[in-house]
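A structural walkthrough
Spelled out, the chains give:
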Amino acid sequence: MSNLDVKPKPVECGGREDVPGGPVHELLPPRRVPLGESTVVRRLLPSLGRRMVGAWCFVDHYGPDDIADEPGMQVPPHPHIGLQTVSWLHGGEVLHRDSLGSLQTVRPKELGLMTSGRAISHSEESPRGHGPVLHGAQLWVALPDSDRGGDPAFEHHADLPVVEGPGFSATVIVGELDGAASPGTVFTPIVGADVALADGADVRLPLEPDFEYAALTMSGVTEVDGMRLDPGSMLYLGSGRRELSLRGDGASEFVLLGGEPFEEKLVMWWNFVARTGEEIARAREDWMGGDRFGTVSGYDGAPIPAPAMPATPLKPRGRTR
């Protein structure tokens, strides 16, 4: 789960001052970004005007891609600090390796959750003999200051709780929804849920009014709070909602992301989430010439070198541009 931009721009985000006090509709435009050798993703967060949704700070949507005659996802070893990665698939498989020695194939509707803590490195690839389709989302969660220096960890949860009702089902990826709690470890009040709607479904999904939310559409056409969204769209919804109205126009699926607004201000650059530019520069140096991030064993290829640091100083500030 990597940002492979060769000239990544620093992103300054966090703080509550720019969180709407009530519901809004803010359609976030995607940006197409290459990921590895043969995968192109739609980057939806951070966007030009919106940097975070709760502690969610990075959202890529990819596929569905025909990879029957392609290598599929091939992301060599790379480092992370200060975040969690959430791997979520609707189609295909991704083989995860990391510097802890983890080796795990993540399949559709299974949670692959990696906590970087102070430092970790990992790789991701479509396994040999992979299926013909790759479709999913790559998500990052910023860690609060109290936990970002902790031990790295990896979790895999194949069985996740499901909330069901007439015309819909919601798999709880992380956090809690309508009383159902994911087994994945989280460090701030947050939720991620994969919602499937049947054709003609008319649903009122309960929400937490103190959370801000966004909807990432995965497949089909979904009507979210009266707005029709095509696949690959992301609608920021603000806060102050106790329920969310949903309608299915044909079978459709989307990922609901939410959480309490993240109070701390952050600097994001390349694959690092930190508080200062000095921390970012130190992490880059450690990746290029130290043993802080450990070694990913078994990947057939060299690690990704870090890009050059930007000429301008990296400083944290608000959540929006």
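Residues numbered from 1 in each chain as written. Predicted model: local features only at pLDDT ≥ 70, side-chain atom pairs only at ≥ 80, totals over all residues. Heavy atoms only, no water.

**Topic: the overall build of the protein chain**
Spelled out, the test is: Counting from the N terminus, the helices are the DSSP runs of H or I reaching at least four residues and the strands are the DSSP runs of E reaching at least two. For a compact globule the rule gives 2.2 Å times the number of residues to the power 0.38, and the radius of gyration it is set against comes from C-alpha atoms. Here's how the labels work: a residue is buried when its accessible area is under 20% of the maximum for its type, exposed when over 50%, partly exposed in between, all with a 1.4 Å probe on protein chains only. Note on definitions: a residue-residue contact is assigned when non-hydrogen atoms from the two residues lie within 4.5 Å. Calculation of accessible area relied on Shrake-Rupley with a 1.4 Å probe; when residues are assessed, cover is drawn exclusively from the protein chains displayed. In this charge count, Lys and Arg are treated as positive and Asp and Glu as negative; neither His nor the chain ends contribute. Each charge is placed at NZ for Lys, CZ for Arg, CG for Asp and CD for Glu.
A tally of regular secondary structure across the protein chain gives 1 helix and 24 strands. Taking 321 residues into account, the globule formula puts the C-alpha radius of gyration at 20 Å, and the protein chain, at 18 Å, falls close to it. Burial status across the protein chain gives 59% buried among its 321 residues. Partitioning the intrachain contacts of the protein chain with sequence separation of at least 6 by distance along the chain shows that 75% fall at a separation of at least 24. Counting only carbon and sulfur atoms, one obtains 47% of the accessible surface of the protein chain, whose full area is about 12800 Å². Of the side-chain charges in the protein chain, 29 are positive and 45 negative, and the distance between the mean point of each set is 7 Å.

**Description of empty space enclosed by the protein**
Cut-off, in case you're wondering: Grid spacing is 1 Å over the protein atoms alone, the probe is 1.4 Å, and a cavity is where that probe fits but cannot get out, while a pocket is an open set with protein on both sides within 12 Å along at least five of seven lines and lining residues have an atom within 4 Å of a point. Grid points are joined across faces, edges and corners, and a volume is the space filled by probe spheres set on the points. When residues are sorted by character, Ala, Val, Leu, Ile, Met, Phe, Trp, Tyr, Cys and Pro go into the nonpolar class, Asp, Glu, Lys and Arg into the charged class, and all the rest, Gly among them, into the polar class.
All chains considered together, the criterion is met by 2 cavities of 30 Å³ or more. Taken as a whole, the second largest cavity spans an internal volume of roughly 30 Å³. Lining the second largest cavity are T85, S87, H96, V106, G112, M114, H122, E124 and F154. At the level of elements, β7 (83–91), β10 (111–115) and β11 (120–125) are the ones that each hand at least two residues to the lining of the second largest cavity. Per-class residue counts for the lining of the second largest cavity are 3 nonpolar, 5 polar and 1 charged.

**Points about the environment of N271**
Tracing the sequence through the fold places N271 in the loop between β23 (265–269) and β24 (272–274). Residue N271 is classed as buried on the basis of its relative accessible area of 0%. With 178 residues separating them in the primary sequence, N271 and E93 have C-alpha atoms 22 Å apart.

**A short note on the nonpolar core**
The following threshold applies: Only buried Ala, Val, Leu, Ile, Met, Phe, Trp, Tyr and Cys residues count toward a nonpolar core, and they belong to the same one when joined by side-chain atoms within 4.5 Å.
Counting residues in hydrophobic clusters, the biggest one holds 38 residues, and the most contacted among them are W56, V59, V86, L216, M234, M268 and V273. In terms of residue count, strand β12 (residues 133–142) provides more of this core than any other element does, 5 residues in total. Residues contacting W56, with those up to four places away along its chain left out, are L45, R51, V86, L139, W140, V141, V174, I190, V191, G192, L257 and G258.

**Quick notes on the pattern of salt bridges**
Let me state the cut-off plainly: When a carboxyl oxygen of Asp or Glu is within 4 Å of a side-chain nitrogen of Lys or Arg, the pair counts as a salt bridge.
By the definition in use, this model includes 15 salt bridges. Put simply, R247 and D202 hold a salt bridge, and the shortest N to O gap is 3.2 Å. Of this pair, R247 sits in strand β22 (residues 243–259) while D202 sits in strand β18 (residues 202–206), and the two are 45 residues apart along the sequence. According to the relative accessible area criterion, R247 is partly exposed, its value standing at 37%. With a shortest N-O distance of 3.9 Å, E243 and R204 are connected by a salt bridge. Highlighted residues: E243 in strand β22 and R204 in strand β18, separated in sequence by 39 residues.

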